[in-house]
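Here are the chains, one letter per residue:
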Amino acid sequence: MTLFSSLTPVFIAIICVLIGVILKNTNGEKEKCETKTKPVSRPWVDEDLKDGTDHHLEEEEVDEEWQGLEENVAHVPFFAERYSEAEMIKRSQMFYELLNKRRSVRFLSDEPVPREVIDNVIRTAGTSPSGAHTEPWTFVVVQDPYLKRKIREIVEEEEEINYKKRMGDRWVNDLKRLRTNWIKEYLDTAPYLILIFKQVYGFLPNGKKKTHYYNEISVSIACGILLAALQNVGLYTVTSTPLNCGPQIRVLLRRPANEKLLLLLPVGYPRKDATVPALTRKPLEDIMVVM
């Protein structure tokens, strides 16, 4: 009896150790199962290019001491030009034929382009609709050779890393057939670079942050109008999303923290020896559903 009493603490200790081992193994198996079932998430390639339309400022930043635009905006009569059905069909066909000639051109000439033309196409892009008429875009036009060279250096350095490490085999293989790589000669040969920044928020007169609703969508629409305006004047570009270059380029161009680089467009005339991939577009029946 005395022996049993003296051994009781030992038995209790052994039992506790066994319970601990069992619980540890159970948790380990559970973690393994969770690891197997949970899909491996690939980190986003570029935080600046994430869609920020769901981002909302803190309530106190928006509503406290609100000093936005006037509560009521005056409305004025609107007069629209009306075309006959025949004229509408003609104009729609002509506009389609014009834009169907648009191609992404990576071989651009250094031939000068009139600055007034660039001013006008950006004015045209600025006619785009935007959430609550916040007009959350900034178009930075770069023509200085030094800045173009620095932008090319930044982009090529990051793009090499993108191709080799960040983008993944599937993405890189999809681009192989188009013969693209991280060398971006057009960035300092094109007479102009147009860098489009989305303003993820604005500022009220009192300095507080102001929400820019649907800034991503609004700026994207403006970019589409800009591409159409360039095609209309016979200028060409290639839509470039400068992955992981935004912060460096923003510093280089002295842009504020509320601006995120969305798109970079080298703009100019095609070189005489320019080539483009022999691509076709989807037919109407593949892109339109009538119900």
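Everything here concerns the structure above.
Let me begin by describing the structure that accompanies this report. (Residues numbered from 1 in each chain as written. Predicted model: local features only at pLDDT ≥ 70, side-chain atom pairs only at ≥ 80, totals over all residues. Heavy atoms only, no water.)

### Considerations on unusual backbone geometry
Notably, Glu-135 is not glycine yet its phi reads approximately 45°, a positive angle. Relative to the helices and strands, Glu-135 resides in the loop between helix 4 (115-125) and strand 1 (137-142). By relative accessible area, Glu-135 is classed as partly exposed at 33%. If you check the backbone angles, Tyr-214 has positive phi at about 50° while not being a glycine. Secondary-structure assignment places Tyr-214 in the loop between strand 4 (209-211) and helix 8 (215-232). Judged by relative accessible area, which is 53%, Tyr-214 ranks as exposed. (Helix = DSSP H or I, 4+ residues; strand = E, 2+ residues; numbered from the N terminus. Buried < 20%, exposed > 50% of the residue type's maximum accessible area, 1.4 Å probe, protein only.)

### Describing the packing of aromatic side chains
For the structure on display, the rule yields one aromatic pair. An angle of 80° between the planes, with centres 5.6 Å apart, marks the rings of Tyr-201 and Phe-203 as edge-to-face. Phe-203 sits in the partly exposed class, given a relative accessible area of 48%. For the cation-ring pair, Lys-209 lies above Tyr-201, with the distance from its terminal atom to the ring centre recorded as 4.6 Å. (Phe/Tyr/Trp six-rings, centres within 6.5 Å; stacked < 30°, edge-to-face > 60°. Lys NZ or Arg CZ within 6 Å of the ring centre and 35° of its normal.)

### Some points on the pattern of salt bridges
Under the definition given, this model contains nine salt bridges. Across the salt bridge formed by Glu-156 and Arg-152, the nearest N and O atoms sit 2.8 Å from each other. Within this pair, Glu-156 and its partner Arg-152 are both found in helix 5 (residues 145-166), separated by four residues, close to a single helical turn. A relative accessible area of 17% places Glu-156 in the buried class. A single network of salt bridges, built from pairs that share partners, joins Arg-149, Arg-152, Glu-156 and Asp-188. (Salt bridge = Lys/Arg side-chain N within 4 Å of Asp/Glu carboxyl O.)

Take it as geometry only, folks, not as evidence of what the structure does.
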